[in-house]
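Chain residues, written in single-letter form:
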Amino acid sequence: MDTNRFKASHDFSNLQKNLNNNPGYNAESYSQQVKDYIHDMKSRNQEATKQGFMTQAQKSVKEVWTEIQEIASEAWEKNNDRSYEKK
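Residues numbered from 1 in each chain as written. Predicted model: local features only at pLDDT ≥ 70, side-chain atom pairs only at ≥ 80, totals over all residues. Heavy atoms only, no water.

What follows covers the overall build of the protein chain. Along the protein chain, the regular secondary structure elements total three helices and zero strands. Starting at the N terminus and walking to the C terminus, you meet the elements of the protein chain as α-α-α. Every one of the 87 residues in the protein chain was classed for burial, and the buried ones make up 8%. Here the protein chain has roughly 8,000 Å² of accessible surface; of this, 53% comes from carbon and sulfur atoms. (Helix = DSSP H or I, 4+ residues; strand = E, 2+ residues; numbered from the N terminus. Buried < 20%, exposed > 50% of the residue type's maximum accessible area, 1.4 Å probe, protein only. Areas by Shrake-Rupley, 256 points an atom, 1.4 Å probe, with all protein chains shown as cover.)

The pLDDT averaged across the protein chain works out to 76; a share of 63% of its residues lies at or above 70. Here helix H1 (residues 15-21) stands out as the element of the protein chain with the lowest mean pLDDT, 54, in contrast to helix H2 (residues 27-43), whose mean of 89 is the highest. (pLDDT = per-residue confidence, 0-100.)

With that settled, consider the packing of H2 against helix H3 (residues 50-80). Each pair of packed helices can be described by the angle between their axes along with the distance between the axes. It is at 11 Å that the axes of H2 and H3 come closest, and there the two elements cross at 120°. As judged from the angle between their axes, H2 and H3 are oblique. Considering how the two elements wind past one another, H2 and H3 form a crossing that is right-handed. Side by side, H2 and H3 meet where Tyr 30, Gln 33, Val 34 and Tyr 37 of the first sit next to Gly 52, Phe 53 and Gln 56 of the second. Residues that form the contact of H2 with H3 fall into these classes: four nonpolar, three polar and no charged. (Axes fitted to C-alpha atoms, helices over the stretch in contact; angles between N-to-C directions. Parallel < 35°, antiparallel > 145°, perpendicular 65-115°, else oblique. Left-handed = near helix turned anticlockwise from the far one by under 90°. Contact = heavy atoms within 4.5 Å. Nonpolar A, V, L, I, M, F, W, Y, C, P; charged D, E, K, R; others polar.)

Spelled out as structure tokens, the structure:
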């Protein structure tokens, strides 16, 4: 049994499938995030800009990417110790 394969849900070659399987990544979700950002900026008496929102979104993506890297690295280390065994 090959334990070094990613699960089908982690198939990075099929981004659209991954987007469909992760409801947090869709236009409706980002629409709500835009509304929240605009409301937050108004409450601070600051101007809400597209660039400001995109910067905020970029930071959250980096945080998620960091988590993915840590999980993938841990999985690699756990499974790399188990060399391919020929039976």
